[in-house]
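Structural description and commentary
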Amino acid sequence: MKNVIYKMRYVALLLALTSMVFLTACDDEESSSDEIVLLSFGPSGVHHGDEITFIGENLDQVTAVVFQPGVEVSKSAFTDVTDKQFALVLPESVEAGKVILKTPDGDIESITMLNLEVPVTVTSVTEEAKPGTNITITGEMVNWIETVTFAADEVVEKDDFVSQSLTEVVVTVPEEAKTGFLSFTTGGTEPLQFSSEEQLIVTLPTVTDITPAAVLDTRNIVITGTDLDLVKTVTFPGGTVIEQANFVDQDVTSLEVQVPLSSLDGKLILHVASGLSITTAGSIDIVLPVINTVTPALVTPGNNVTLTGTNIDRIASLKFSDGTLVAAANFVSQSATQIVVTVPASVTKNGILIVTNQLGFVTSTGAIAVPGGGPSPLAVVFFDDGFASGWQDWSWGAGRVSAPTNTEQKWNGNSAWKYTYPGGGTDSGLQWGNGNTAIGGNANFVIAVYGGPGSDGLEMEITLNDFWGGTRPKIVINEGEWTEYEIPFTAWVGQTVGTSVTRLAVKPTTSSWNGTVWVDWVGFR
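Quick look at the structure, then. (Residues numbered from 1 in each chain as written. Predicted model: local features only at pLDDT ≥ 70, side-chain atom pairs only at ≥ 80, totals over all residues. Heavy atoms only, no water.)

Per the secondary structure count, the chain includes one helix and 48 strands. Across the 525 residues that make up the chain, the buried fraction comes to 45%. Sequence separation of 24 or more characterises 63% of the internal contacts of the chain that already satisfy a separation of 6 or more. (Helix = DSSP H or I, 4+ residues; strand = E, 2+ residues; numbered from the N terminus. Buried < 20%, exposed > 50% of the residue type's maximum accessible area, 1.4 Å probe, protein only. Contact = heavy atoms within 4.5 Å.)

Right, here's the structure in full:
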């Protein structure tokens, strides 16, 4: 330990150095006359290149001064050397910290830290970098920078710098950093906080291609582009998120990932660590099963139907028209091109819906008609999959669209009569003409109607022969489903139908309605 001696002869000198830092080496009150003692140095807040003075006892024995970080100034550079003091010019490379005096008796370390007032300037910063790579900050006195803050408040402390010198700082870009200005803080007696003049562009991934663009669910796709190693998650259309741990493969230029069962058609969203996302320009199209045929076209509930097509091994279940859902596990058999399934006993109407492995229901395509047990037979047929017994399309009304063999909707068989009413006050209707069919003793007229969009609750009237007066029976349409109507002859008030029919017309009760209906299974029983 070194003893500190306070002597009056030093008072004038200490008062002259008004901003000196007062330092003591220990707490004893006396020392021997030959002991080297550091009392103070200063001024506080000295600048690089300025003169700093050290005050004490026997200081002419000091051989060197070591500043942080290991900057040594030898005695040969000292000025005004006496046993009570010496001075030296502060080197540019000195940083804040304790000062060590080298002496023949050993090192004397200051208790108080040397601090400086340092004019730090940054002249350039790397323009663009990707997370995880280094950027270079150049300038003057940048060794005094204490922190570098990236956009998104990602702070890198001095201890984590890759390297630091008077003119250059190298820092690794944090994973969560975003494009933006850098913020710097410095040390010194007057710490600075300032920002870069230009923004650092933090690299984001880019996508150039997705292959294949049309893909079956659960198959893999490959995303190609640049900087794809930055991607942390991929969000598929439909909302399913695939985490990086579940990627099939990933590098800088490609990313392979499995398409989830729930994916829909659409664009992918790639997410990086900063929370930013990139939406792909290209989309994926999920390849859906395609049904080509269903045989037989008419089947009794409890019997099997066979569906043929492509990719139908992807079908998870079949939904019948009455709402009954048959899971794939309950199919009689299933392959990529064929499904055999038993028609549930509850099915009474046409149609099958495919429930794929994707979200939602997809209506099957092709000539699909599974009417269950089918409608009750007609004794006299006017129309069934087309005109019977010589009847013809005598529909009327300007602007109407008549398609007697349309396959979009079916009640029994493979087609129905699709008819679009023009509306706008135009009188229009379906009409069977040029026929003369004996109805015998059958007293009930039968017609099945499917209501197109906007038809729910539409009232339509039915005219037999040339009876346009009196009271004609009316039916009310159900939108989106087939309804079979059976009307007794007594509904035509004021007319005797007789034993044969020579004309039949069906039209809305208001000529302002425009829309589409399908009719089938027309006749008498």
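That was the structure; now back to the text.
Its place among the elements puts Thr103 in strand β7 (residues 95–103). A distance of 2.5 Å separates a polar side-chain atom of Thr103 from the backbone oxygen of Gly106. (Polar contact = N/O pair within 3.5 Å; in protein donor to acceptor, adjacent residues only side chain to side chain.)

Moving on, we come to the layout of surface pockets. Quantified by volume, the second largest pocket comes out at close to 210 Å³. If you go around the second largest pocket, you meet 13 residues; those closest to its centre are Ser124, Val125, Ser196, Glu197 and Glu198. Sorting the residues of the lining of the second largest pocket by element identifies β9 (121–125) and β17 (193–195) as the ones contributing at least two each. The dominant element in the lining of the second largest pocket, judged by the number of residues it contributes, is β9, at five residues. In terms of residue class, the lining of the second largest pocket is made up of three nonpolar, seven polar and three charged. (1 Å grid on protein atoms, 1.4 Å probe; cavity = no way out; pocket = protein on both sides within 12 Å on 5 of 7 lines; lining within 4 Å. Points joined across faces, edges and corners; volume = space filled by probe spheres on them. Nonpolar A, V, L, I, M, F, W, Y, C, P; charged D, E, K, R; others polar.)

Looking now at the sheet that holds strand β40 (residues 430–433). In spatial order, the strands read β37-β40-β47-β43-β44; together these five strands make up an open sheet with antiparallel pairing. What marks the edges here is a single partner per strand, and that holds for β37 (392–393) and β44 (474–476). By the bridge criterion, two bridges tie β37 to β40 in an arrangement that is antiparallel. Paired with Gln392 across the bridge in β40 is Gly433. (Pairing = 2+ DSSP bridges.)

Moving on, we get to the pairing of strand β29 (residues 304–310). Every other side chain in a regular strand lies on the same face of the sheet, so the side chains alternate between the two faces. Because side chains alternate across β29, one face comprises the buried residues Val305, Leu307 and Gly309, and the other comprises Asn304, Thr306, Thr308 and Thr310, none of which is buried. Note that strand β28 (residues 290–295) and β29 share five bridges and pair antiparallel. For Ile291, the partnering residue across the bridge sits in β29 and is Gly309. As paired strands, β29 and strand β33 (residues 338–342) are joined by five bridges and run antiparallel to one another. Bridging from a neighbouring strand, Thr306 pairs with Val340 of β33.

This next bit is on the pattern of salt bridges. The tally for this structure, following the rule as stated, stands at eight salt bridges. We note a salt bridge from Lys84 to Asp83, for which the minimum N-O separation is 3.4 Å. For Asp83, a relative accessible area of 30% puts it in the partly exposed group. Put simply, Lys232 and Glu175 hold a salt bridge, and the shortest N to O gap is 3.7 Å. In this pair, Lys232 is assigned in strand β22 (residues 231–235) and Glu175 in the loop between β15 (168–172) and β16 (178–186), connecting sequence segments 57 residues apart. Taking relative accessible area as the criterion, Glu175 reaches 33% and is therefore assigned partly exposed. In the salt-bridge network here, residues are joined through shared partners; they are Lys130, Asp227 and Asp229. (Salt bridge = Lys/Arg side-chain N within 4 Å of Asp/Glu carboxyl O.)

With that settled, the discussion passes to the environment of Asp456. Relative to the assigned elements, Asp456 resides in the loop between β42 (444–451) and β43 (459–464). By relative accessible area, Asp456 is classed as exposed at 54%. Considering only alpha carbons, one finds Asp456 and Ile477, 21 residues apart in sequence, at a separation of 5.7 Å. Sequence-distant contacts of Asp456, defined by excluding residues within four places in its chain, comprise Ile477, Asn478 and Glu479.

Turning to the sheet that holds β7, a few remarks are in order. Across the sheet, four strands lie side by side as β5-β4-β7-β8; this open sheet has antiparallel pairing. In the strand order of this sheet, the two ends are held by β5 (71–74) and β8 (106–109), each with one partner. Strand-to-strand twist in this sheet, taken as the mean axis angle between neighbours without regard to direction, amounts to 25°. Pairing of β7 with β8, which is carried by four bridges, proceeds in the antiparallel orientation. Along β8, the bridge assignment pairs Leu101 with Ile108. (Axes fitted to C-alpha atoms, helices over the stretch in contact; angles between N-to-C directions.)

Before going further, it helps to spend a moment on the side chain of Asn406. Among the secondary structure elements, Asn406 is positioned in strand β38 (residues 401–406). Within the structure, the side chain of Asn406 is placed 2.8 Å from the side chain of Trp518, a separation counted as a polar contact. In contact with Asn406, not counting residues within four places along its chain, are Ser415, Ala416, Lys418 and Trp518.

Glancing now at the environment of Leu276. With respect to the helices and strands, Leu276 occurs in the loop between β26 (266–272) and β27 (277–286). Residue class for Leu276 comes out partly exposed when judged on its relative accessible area of 31%. Sequence separation between Leu276 and Leu204 is 72 residues; the distance between their C-alpha atoms is 8.6 Å. What Leu276 contacts, discounting residues up to four positions off in sequence, is Lys178, Leu204, Leu270 and His271.

Residues Phe54, Val65, Phe67, Leu114 and Phe150 are the most contacted members of the largest nonpolar core, which totals 43 residues. The leading source of residues in this core is strand β12 (residues 145–151), at three residues. Leaving out residues up to four positions away in the same chain, Phe150 has contacts with Ile135, Val156, Val171, Thr172, Val173, Pro174, Ala177, Leu182 and Leu200. Listed in part, the 31 residues of the second largest apolar core include Tyr421, Val449, Val501 and Val506. (Core = buried A, V, L, I, M, F, W, Y, C linked by side-chain atoms within 4.5 Å.)

Right, let's talk about empty space enclosed by the protein for a bit. All chains considered together, the criterion is met by two cavities of 30 Å³ or more. The computed volume of the largest cavity comes to approximately 60 Å³. Every residue along the wall of the largest cavity is listed here: Pro131, Glu175, Ala177, Val202, Thr203, Leu204, Pro205, Leu230, Lys232, Val272, Ala273 and Ser274. Computed from the structure, the second largest cavity encloses a volume of approximately 50 Å³. Residue lining of the second largest cavity: Tyr421, Gly423, Thr426, Asp427, Ser428, Lys507, Pro508, Thr510, Ser511 and Trp513, and that is the complete set.

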